[in-house]
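These are the residues of each chain, in order.
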Amino acid sequence: MTGPDRPGDRRTRRSRKGEELMVPRAEFASYYGRPVIKAPSWSARDIAGYFFLGGLAGAGSVLAAGAQLTGRTTLATGMKVSSLAAVSLSAAALVHDLGRPARFGNMLRVIKPTSPMSVGSWLLSGYGPAAGAAAVCAVSGRLPRAGAAATAAAAALGPAVATYTAVLAADTAVPAWHGAHRELPYLFAASATAAASGTALVLAPPRETAPVRCAAVLAAAADAAAMRAAKRRLGMVAETYRAGRAGRLLRGAELLLGAGAVTAALGARRSRAAAVTAGLALLAGSACTRFGVFAAGIASAQDPAYTVVPQRAAMNPSGGPGPGPATDRPDGRTEQQASD
């Protein structure tokens, strides 16, 4: 066979309206429906707990510094101790997931600014001693100047400690995390503030918690707004935030944070019982947010549709020929069926 009829010589034929493709459009289904990417091997209890406790510690140090500056000594001491306890448990959860403590030390051998894990390891190494010194000085009443310096250092590092785990998650190929890389830091910051506010309501007398009650309301509102924004950006991948274990946890988080914020605003000023109830609800809601986001990420990595379909949509933004978005799934299900 010669000339233009030979296979592979010419892949297009000309028509009056231009060129028409003779090669069929590529299909982007996964091999036998298996995951396209490997789901993280992280333990939910360890790493989701590490996310939650790190956020609680970092935001707590910021509240502790504010309480010290405004003369709320009971609140300041309580938040310093809770931050030390939280960062210690957070580090223990991370080391437990790593398997050997030496692995954490190995991460400190170099500083790699482009690696969220490397930056996070150094943040914890600097924040932990500062939080510990601040707590010890506050409880013992000794070395007040050193305690004040340690409190300031912990507060300066606190926001980064509370949110760097969002960057760590978003830096992976997991669709539910990477696709929401812009919103996750705000979501984690709001969740951390809610947890720290809840701890403060539990530990401090109502006369010292006026700023904390305001922070609780703002944190609950910011958490809800960031979650809605993340779901809008994720498109079909947002199914993982609504269905299964993640959906149950995140619905519970919304209810708990809302109830905690309302109780803090209306009842925690006069009633110690109401303050404790609001604080526990905020803590539980924050934990549900972190565990829910973690579960959504694992679910999105296990289903190849959440990797394949968004990539295909990005390659064909004009919405050309091909299956529509409602049925564009390798498993043949619609998005509604998948979410159900």
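Residues numbered from 1 in each chain as written. Predicted model: local features only at pLDDT ≥ 70, side-chain atom pairs only at ≥ 80, totals over all residues. Heavy atoms only, no water.

Our next topic: the overall build of the protein chain. Counting secondary structure elements, the protein chain contains 13 helices and two strands. Evaluated residue by residue, the protein chain yields a buried proportion of 45% over its 340 residues. Sequence separation of at least 24 residues holds for 72% of the intrachain contacts in the protein chain that already meet a minimum separation of 6. Accessible surface computed for the protein chain: about 17,500 Å², of which carbon and sulfur atoms make up 61%. (Helix = DSSP H or I, 4+ residues; strand = E, 2+ residues; numbered from the N terminus. Buried < 20%, exposed > 50% of the residue type's maximum accessible area, 1.4 Å probe, protein only. Contact = heavy atoms within 4.5 Å. Areas by Shrake-Rupley, 256 points an atom, 1.4 Å probe, with all protein chains shown as cover.)

Let us now look at the confidence of the model for the protein chain. Of the residues in the protein chain, 74% have a pLDDT of 70 or more, and the chain-wide mean is 81. Low pLDDT, under 50, characterises residues 23-28; the stretch is placed with six contacts to residues that sit more than four places away or in other chains. (pLDDT = per-residue confidence, 0-100.)

A few words on the pattern of salt bridges. Applying the stated rule across the entire model yields two salt bridges. Where Asp46 meets Arg45, a salt bridge forms, and the shortest distance between an N and an O atom there is 3.9 Å. In this structure, Glu183 engages Arg233 in a salt bridge whose closest nitrogen and oxygen atoms are separated by 2.6 Å. On the criterion of sequence distance, the pair formed by Glu183 in the loop between helix H6 (175-178) and helix H7 (184-203) and Arg233 in helix H8 (residues 210-234) is long-range, its members being 50 residues apart. Owing to a relative accessible area of 9%, Glu183 belongs among the buried residues under this scheme. Residue Arg233 is classed as partly exposed on the basis of its relative accessible area of 40%. (Salt bridge = Lys/Arg side-chain N within 4 Å of Asp/Glu carboxyl O.)

This part covers the packing of H8 against helix H10 (residues 244-266). Two packed helices can be described by the angle between their axes and the distance between those axes. Where H8 contacts H10, the axes come no closer than 8 Å and their chain directions differ by 155°. Relative to H10, the element H8 lies roughly antiparallel. Seen from above, H8 lies across H10 with left-handed handedness. Taking contact as the criterion, the partners of Arg213, Ala216, Val217, Ala220, Asp223 and Met227 in H8 are, on H10, Leu250, Leu257, Ala261, Ala264 and Ala265. (Axes fitted to C-alpha atoms, helices over the stretch in contact; angles between N-to-C directions. Parallel < 35°, antiparallel > 145°, perpendicular 65-115°, else oblique. Left-handed = near helix turned anticlockwise from the far one by under 90°.)

Attention shifts here to H7. Between its first and last C-alpha atoms H7 spans 28 Å; for 20 residues at 1.5 Å apiece the expected length is 28 Å, and the two agree. Burial runs high along H7: 14 of the 20 residues are buried. (Expected span 1.5 Å × (residues − 1).)

Quick look at the UniProt feature "transmembrane region" (unreviewed entry) in the protein chain now. What UniProt calls "transmembrane region" (unreviewed entry) maps, in this numbering, to residues 47-69, 119-139, 146-166 and 186-204. Secondary structure across residues 47-69 comprises 100% helix and 0% strand; the distance between its end C-alpha atoms is 33 Å. A helix fraction of 100% and a strand fraction of 0% characterise residues 146-166, whose end C-alpha atoms lie 31 Å from each other. (UniProt positions renumbered as here; feature names shortened; annotations may be inferred.)

Right, let's talk about the side chain of Thr165 for a bit. Note that Thr165 resides in helix H5 (residues 144-170). Note on Thr165: relative accessible area 2%, which makes it buried. Once residues within four sequence positions are removed from consideration, Thr165 is found in contact with Tyr50, Phe51, Phe188 and Arg290.

Turning our eyes to something else, we now look at helix H11 (residues 272-302). With 31 residues, H11 extends 45 Å from end C-alpha to end C-alpha; this agrees with the ideal 45 Å at 1.5 Å per step. A distance of 3.4 Å separates the backbone nitrogen of Ala273 from a side-chain oxygen at the start of H11, and that oxygen is part of Ser271. (Polar contact = N/O pair within 3.5 Å; in protein donor to acceptor, adjacent residues only side chain to side chain.)

Turning our attention to the side chain of Ser82. Relative to the assigned elements, Ser82 resides in helix H2 (residues 73-98). At 3.0 Å, the side chain of Ser82 forms a polar contact with the backbone oxygen of Met79. When sequence neighbours within four positions are dropped, the list of residues in contact with Ser82 reads Thr199 and Leu203.

Here the structure, examined in full by the defined rule, presents four aromatic pairs. Ring plane angle 45° and centroid distance 6.0 Å describe the contact between Tyr50 and Phe51, whose orientation is recorded as tilted. Relative to Phe188, the ring of Phe51 lies with its centre 5.9 Å away and its plane at 55°, an arrangement referred to as tilted. Residue Phe51 is found in helix H1 (residues 44-69), and its partner Phe188 is found in helix H7; the two are separated by 137 residues along the sequence. For the pair shown, Phe51 and Phe188 are each scored as buried. Among the aromatic residues, those joined into a cluster by ring pairs are Tyr50, Phe51, Tyr164 and Phe188. (Phe/Tyr/Trp six-rings, centres within 6.5 Å; stacked < 30°, edge-to-face > 60°.)

Its place among the elements puts Ala273 in helix H11. For Ala273 and Pro206, which are 67 residues apart along the polypeptide, the C-alpha to C-alpha distance reads 10.0 Å.

Attention now goes to unusual backbone geometry. The backbone phi angle of Leu143 is positive, close to 50°, even though this residue is not glycine. Among the secondary structure elements, Leu143 is positioned in the loop between helix H4 (116-140) and H5. Of the residues examined, Leu143 reaches a relative accessible area of 59% and is grouped as exposed.

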